[in-house]
Amino acid sequence: MPTNQYTCKNCEKSFDVTYKFCPYCGQKSKDELTLGILFSNTISNYFSVDARFFKSFIPLMTRPGYLAKRFLEGKRLLYLHPAQMYLFISVVLFFLFSFIANKQATLFDASIKKDFERAKVVMDSMYQKPLDSVQFKKYMAPYIKNNEDLELTNAEIKSLDSIIKTSSSSSSKRSYNFAGFNQTEVDSLLRVGASDQVIYKHMGLDDDAGYLKRKFYEQFLKFYKYKSGGSILKRFYDTIPIAMFFLLPIFALLLKLMYFRKGAYAYHLVFSFYFFAYLFTVFSILVSCNFIWSNFPVWITVLTMLSTFIYLFIGLKRFYEQGWFISFVKSNVIVLSFFTILIPITLFLAFFAFLYY
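In what follows, the accompanying structure is described. Predicted model, so just to flag it, every value in this text is computed and none were measured.

So, on to the overall build of the chain. Helices and strands together make up the secondary structure of the chain, namely 14 helices and 4 strands. The buried share of the chain, taken over its 357 residues, is 32%. Put simply, of all contacts in the chain between residues at least 6 apart along the chain, 62% involve residues at least 24 apart. Accessible area of the chain: about 22800 Å², with a carbon and sulfur share of 64%.

The structure is reproduced here in structure tokens:
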């Protein structure tokens, strides 16, 4: 081999030693592996964000439908790839969201413990100890003193006496229920260290109960023991990225159904990637604002969320090139249909988070 030739370690093809990069695969020639190169390559390969991201960001935020239209026109190297932009922004969003999730979980735990303590005080005050003789005479004194005005017979006074004593005595033995089970009884079992299986039976779990019902009782007892729901909330938040993996293709499918003659499913997926990238950018900004400013105005959040519908409406109009009215109608149908699918999925994720936190 001529001395002025260098063999690429990646593709094993030869090229002139004056080249700094392999003309066949693009790898840097004579690239010595250092710690800096290792991590810079890892980050660049994972995010792969270059100047195209900054060239794409402003049109993404200010020109609805523009990037998707340009991508389908063949401008695929000028701007960041739709899937690439979506993945990068989603990583940023869920990284920021993790801070809010931890903060909300802590506040949620504190709120639950406070509510349990408040409820116990209220219930304890409702079921007082039985009246002693002094308290009983105090309650009966007005009736005896005003007996002539009330015209109560001896039998009626004795009956009233019996009612007050009976209600007072039974109130001391009464226990209050929480979510369908006897809380006083369960508290007693927890204090003596009873096994979970024994407590389940006192909570009402049947011996022949199925897996889901048993799991529900197991999780509910765990929740009741520790008075902590923050881990449930965090588990729910952890499922959101997985849900988005399914929701984005569903959104693209709705577009396909509404614009059946406007191209293959992949065309609608391109629009969906860019639109969700826009949504995630908006969410990232709102999350950052709420994290920095604890009393961030709710009305700004509401207006910002409403603006995303306007963005979708204009984006559909420009991308699919239909009239304003028909685009407005289709925008509403798509949003309503999407939320019809989103709500049961959200409820399922919340139930899943409770069962497996």
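In this section: the packing of aromatic side chains. Tallied over the entire structure, the rule returns 25 aromatic pairs. Between Tyr 6 and Phe 15, the ring centres sit 5.6 Å apart and the planes meet at 70°, which makes this aromatic pair edge-to-face. What makes Phe 15 buried here is its relative accessible area of 4%. Ring plane angle 75° and centroid distance 5.9 Å describe the contact between Phe 94 and Phe 280, whose orientation is recorded as edge-to-face. Placement of the pair is Phe 94 in helix α4 (residues 82-126) and Phe 280 in helix α12 (residues 265-292), with a sequence separation of 186 residues. The exposure class of Phe 280 is buried, given its relative accessible area of 2%. The ring of Phe 260 carries Lys 256 above its face, with NZ or CZ at 5.0 Å from the centroid.

A few words on the pattern of salt bridges. Within this structure, the stated rule accounts for 2 salt bridges. Glu 73 is the partner of Arg 70 in a salt bridge, and the nearest nitrogen-oxygen pair spans 3.9 Å. Overall, the relative accessible area of 21% leaves Arg 70 in the partly exposed class.

Of all the positions in helix α9 (residues 196-203), only Ile 199, Tyr 200 and Met 203 are classed as buried. Down the axis of α9, the smallest arc covering the buried residues is 105°, so these residues share one side.

On to the nonpolar core. One recurring pattern in soluble globular proteins: nonpolar side chains tend to sit buried together. In terms of nonpolar packing, the biggest core is built from 49 residues, with Leu 60, Phe 275 and Phe 276 touching the most fellow members. Those elements that provide at least two residues to this core are α2 (51-62), α3 (66-72), α4, α11 (230-258), α12, α13 (298-320) and α14 (324-355). Ranked by the residues each element gives to this core, the list is headed by α12, at 13 residues. Once residues within four sequence positions are removed from consideration, Phe 275 is found in contact with Phe 251, Thr 308, Tyr 311 and Leu 312. Grouped together as the second largest cluster of nonpolar side chains are 11 residues, Leu 189, Ile 199, Phe 220 and Tyr 224 included.

Time to look at unusual backbone geometry. Look at Glu 12: it is not a glycine, yet its phi comes out positive at around 65°. Mapped onto the secondary structure, Glu 12 falls in the loop between β1 (5-7) and β2 (14-16). Positive phi outside glycine occurs at Glu 321, with the angle close to 55°. By the secondary structure assignment, Glu 321 is in the loop between α13 and α14. Exposure remark for Glu 321: the relative accessible area of 56% places this residue in the exposed category.

So, about a nonpolar patch on the surface. Together, Phe 95, Phe 99, Phe 291, Ile 292 and Trp 293 line one region of the surface with nonpolar side chains, adding up to about 590 Å² of accessible area. Counting residues per element, the ones that place at least two in the nonpolar patch are α4 and α12. Position of Trp 293 among the secondary structure elements: in the loop between α12 and α13. For Trp 293, a relative accessible area of 45% puts it in the partly exposed group.

Right, let's get into the side chain of Ser 56. With respect to the secondary-structure elements, Ser 56 resides in helix α2. A distance of 2.8 Å separates a polar side-chain atom of Ser 56 from the backbone nitrogen of Leu 80.

Take the environment of Phe 291 next. If you trace the backbone, Phe 291 turns up in helix α12. Linking Phe 291 and Phe 97, residues 194 residues apart in sequence, is a C-alpha distance of 9.2 Å.

Here is what the cut-offs are and how they apply
Residues numbered from 1 in each chain as written. Predicted model: local features only at pLDDT ≥ 70, side-chain atom pairs only at ≥ 80, totals over all residues. Heavy atoms only, no water. Helix = DSSP H or I, 4+ residues; strand = E, 2+ residues; numbered from the N terminus. Buried < 20%, exposed > 50% of the residue type's maximum accessible area, 1.4 Å probe, protein only. Contact = heavy atoms within 4.5 Å. Areas by Shrake-Rupley, 256 points an atom, 1.4 Å probe, with all protein chains shown as cover. Phe/Tyr/Trp six-rings, centres within 6.5 Å; stacked < 30°, edge-to-face > 60°. Lys NZ or Arg CZ within 6 Å of the ring centre and 35° of its normal. Salt bridge = Lys/Arg side-chain N within 4 Å of Asp/Glu carboxyl O. Arc of directions from axis to C-beta. Core = buried A, V, L, I, M, F, W, Y, C linked by side-chain atoms within 4.5 Å. Patch = residues over 30% accessible without salt bridge, like charges linked within 9 Å, V, L, I, M, F, W, Y side chains within 5 Å. Polar contact = N/O pair within 3.5 Å; in protein donor to acceptor, adjacent residues only side chain to side chain.

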